[in-house]
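Structural overview
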Amino acid sequence: MTVKFLKGLHKDELFRYGSVMFVASIISNALNYIYQIYMGRALGPAEYGVFGALFAIFYMLGIVSNTLGTSTTSFVANLAAENREIGSFLRGAFKRVISIGLIFSFTFFLARNDIASLLKMPDAEPVVVLAFILFFAWLMPITGGTLRGLKRFYALGSIGVSSTFFKLISAIALVALGYGVTGALLGAAIGAIVALFISLYLIAPYLKQSSHESNFNFSAFYSYSAPVLIAMFCFSVPSNLDVVFAKYFFSAHVAGLYTSASVLGKIVFFFPSAIYAVMFPMIAERHTRGEATGRVLKKSLVYSFLLSGIVVAAYILFPRLVVIFFGSRYLDALPLIAPYGLAMLFFSLSTILLNYHLAIKNMRYVAIFTGFTILEVLFLLIFHTSPLEMIYVLLSVNLALLITSLVYTLR
């Protein structure tokens, strides 16, 4: 019976590829959290609050480019399901993102002093580095989305691990040399460059394809990307905007405490990323072929709940993990750990449902997701007397979103 069960798991495409991505994400996230913890210890609460706010801005601005990744995955998976070449699509996509990325980064560079002033930073140098990183944020989703659409999950996992490794060692060296927040961000830039070069090498054969079809018509890509952009914005807000609000509303020390709780809480949120990374192209491919998709969705929800639930249970039982990771200066963050983790558990399950609806191109669900995001932002603007109050806002809205999403999807 055990042997039969194990063989069944091996044949389960979601479990097999999900395991590959999960192991890669464990290694990548471990390196990422070593990176975050080292920065928290080396920079101290005040500078770490600045670092956390800049990183949150990066993730939120990066949603525009991440939209391209989701859209690329969908179209590459569809083209592959129809046995069509993807060379024309890729070449057209790169021409567009290089131009847009340059404009986007230059605009951010021009606003560097205003951003530094808003975040109460002594100088704008870290913002300049962030503008540089944002350019690569436009290119990487095309390469990563292509590999994901082709179900090259071993390659994706290797790239993720390589990128975080080089980010970590570079950032540690630069911070140790006294470059502070700027050095921490430069390390992230080096990791992004490494990931970009490896992924470009892997998709080079597809770029060289000489399609017999006319140039890819991007009108369908644009019409799909518009609602995906809204969805990706709403996806990033609940897990990033609160850190920016904390930096704005609270003192530097309290904002640093909140950032530490956020970093640990996001482990819960990022754990199931391996599941929906694999689920999305599988759902898109099955939907294109007219095959059933419900079984893949249900397994994805179960796997995600198990992964995230284990982490939340650890936070409830052992909240002093924040002290172990960040040091005794972050002791006051103890009451924030468990509720933040629970809020991210609810949101991670909703994210599985969001990716499912995007894969089957059901954009009506995006309106539901958007409504709850707007509600969360409004509540955070009203209720922010303490870090714990802000977390209770996340907890309440994310639970309501999950219940509504399940009712809408499973009906």
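Residues numbered from 1 in each chain as written. Predicted model: local features only at pLDDT ≥ 70, side-chain atom pairs only at ≥ 80, totals over all residues. Heavy atoms only, no water.

**Comments concerning the overall build of the chain**
When its secondary structure is counted, the chain shows 16 helices and 0 strands. Relative to the compact-globule value of 22 Å for 411 residues, the chain shows a C-alpha radius of gyration of 21 Å, a close match. Along the longest, intermediate and shortest principal axes, the C-alpha atoms of the chain span 60 × 50 × 40 Å. Considering only residue pairs separated by 6 or more positions, the chain has 83% of its internal contacts joining residues 24 or more positions apart. Per element, the accessible surface of the chain, about 17500 Å² overall, is 69% carbon and sulfur. When the 28 positive and 15 negative side-chain charges of the chain are each reduced to one mean point, those points stand 9 Å apart. (Helix = DSSP H or I, 4+ residues; strand = E, 2+ residues; numbered from the N terminus. Rg over C-alpha atoms; globule rule 2.2 N^0.38 Å. Contact = heavy atoms within 4.5 Å. Areas by Shrake-Rupley, 256 points an atom, 1.4 Å probe, with all protein chains shown as cover. Lys, Arg positive; Asp, Glu negative; His and termini not counted. Charge placed at Lys NZ, Arg CZ, Asp CG, Glu CD.)

**Re the pattern of salt bridges**
Any two side chains of opposite charge can pair, given that their charged atoms come close. Taken as a whole and judged by the stated rule, the model has 3 salt bridges. One salt bridge in this structure joins Arg-84 and Glu-82, with 3.2 Å as the shortest N-O distance. Accessibility expressed as a relative area gives 35% for Arg-84, which makes it partly exposed. A relative accessible area of 41% means that Glu-82 is categorised as partly exposed. Of the charged contacts in the structure, one is a salt bridge between Glu-285 and Arg-289, with a shortest N-O distance of 3.2 Å. Note that Glu-285 and Arg-289 are positioned in helix α11 (residues 273-289) at a spacing of 4 residues, about one turn of the helix. It is possible to trace a salt-bridge network through shared partners that takes in Lys-151, Glu-285 and Arg-289. (Salt bridge = Lys/Arg side-chain N within 4 Å of Asp/Glu carboxyl O. Buried < 20%, exposed > 50% of the residue type's maximum accessible area, 1.4 Å probe, protein only.)

**Quick look at the nonpolar core**
By size, the foremost hydrophobic cluster in this structure holds 136 residues, and its most contacted members are Tyr-35, Met-39, Phe-51, Leu-54, Met-279 and Leu-358. Broken down by element, the residue count for this core peaks at 23 residues, all from helix α2 (residues 13-81). The residues contacting Phe-51, other than those within four sequence positions of it, are Tyr-35, Gln-36, Met-39, Leu-43, Val-181, Ala-184 and Leu-185. (Core = buried A, V, L, I, M, F, W, Y, C linked by side-chain atoms within 4.5 Å.)

**Some thoughts on the side chain of Ser-163**
Considering the arrangement of structural elements, one finds Ser-163 in helix α6 (residues 153-176). One polar contact links the side chain of Ser-163 to the main-chain carbonyl oxygen of Gly-191, over a distance of 3.0 Å. If we ignore the near neighbours within four places in the chain, the residues touching Ser-163 are Gly-191, Ala-192 and Ala-195. (Polar contact = N/O pair within 3.5 Å; in protein donor to acceptor, adjacent residues only side chain to side chain.)

**Here we look at the side chain of Ser-260**
Examined against the element boundaries, Ser-260 turns out to sit in helix α10 (residues 252-270). Among the residues examined, Ser-260 registers a relative accessible area of 0% and is labelled buried. Of the polar contacts made by the side chain of Ser-260, one reaches the backbone oxygen of Leu-257; its length is 2.5 Å.

**Comments concerning the packing of helix α14 (residues 334-359) against helix α16 (residues 387-410)**
In contact at an axis separation of 8 Å, α14 and α16 are set at 30 degrees when each is read in the N-to-C sense. Between α14 and α16, the interaxial angle falls into the category roughly parallel. Crossing of α14 against α16: the hand is left-handed. Here the contact of α14 with α16 is built from residues that sort into 23 nonpolar, 5 polar and no charged. (Axes fitted to C-alpha atoms, helices over the stretch in contact; angles between N-to-C directions. Parallel < 35°, antiparallel > 145°, perpendicular 65-115°, else oblique. Left-handed = near helix turned anticlockwise from the far one by under 90°. Nonpolar A, V, L, I, M, F, W, Y, C, P; charged D, E, K, R; others polar.)

**Here's the deal with the packing of aromatic side chains**
For the structure on display, the rule yields 17 aromatic pairs. When the ring of Phe-75 is compared with that of Phe-89, the centres are 6.4 Å apart and the planes differ by 15 degrees; the resulting orientation is stacked. Residue Phe-75 is found in helix α2, and its partner Phe-89 is found in helix α3 (residues 87-110); the two are separated by 14 residues along the sequence. In this structure Phe-75 comes out as buried when scored by relative accessible area, which is 9%. Given the relative accessible area of 1%, Phe-89 is considered buried. An angle of 80 degrees between the planes, with centres 5.1 Å apart, marks the rings of Phe-132 and Phe-136 as edge-to-face. Taken together, the residues Phe-132 and Phe-136, both in helix α5 (residues 125-149) and 4 residues apart, mark about one turn of the helix. Since its relative accessible area comes to 41%, Phe-132 is described here as partly exposed. Counting every residue linked through ring pairs, the aromatic cluster contains Phe-75, Phe-89, Phe-221 and Tyr-224. Here Arg-112 stacks its cationic end above the ring of Phe-109, 4.1 Å away from the centre of that ring. Seen from the ring of Tyr-224, Lys-361 lies directly overhead, with NZ or CZ sitting 5.5 Å from the centre. (Phe/Tyr/Trp six-rings, centres within 6.5 Å; stacked < 30°, edge-to-face > 60°. Lys NZ or Arg CZ within 6 Å of the ring centre and 35° of its normal.)

**Some thoughts on the confidence of the model for the chain**
A residue-level look at the chain finds 91% of positions with pLDDT of 70 or above and a mean pLDDT of 83. Ranking the elements of the chain by mean pLDDT puts helix α1 (residues 2-11) last, at 50, and α16 first, at 93. (pLDDT = per-residue confidence, 0-100.)

**Let's talk about helix α12 (residues 294-317)**
When the terminal C-alpha atoms of α12 are compared, their 34 Å separation across 24 residues agrees well with the 34 Å that a helix rising 1.5 Å per residue should span. Among all positions in α12, only Val-296, Leu-297, Ser-300, Leu-301, Tyr-303, Ser-304, Leu-307, Ser-308, Val-311, Val-312 and Tyr-315 are buried. (Expected span 1.5 Å × (residues − 1).)

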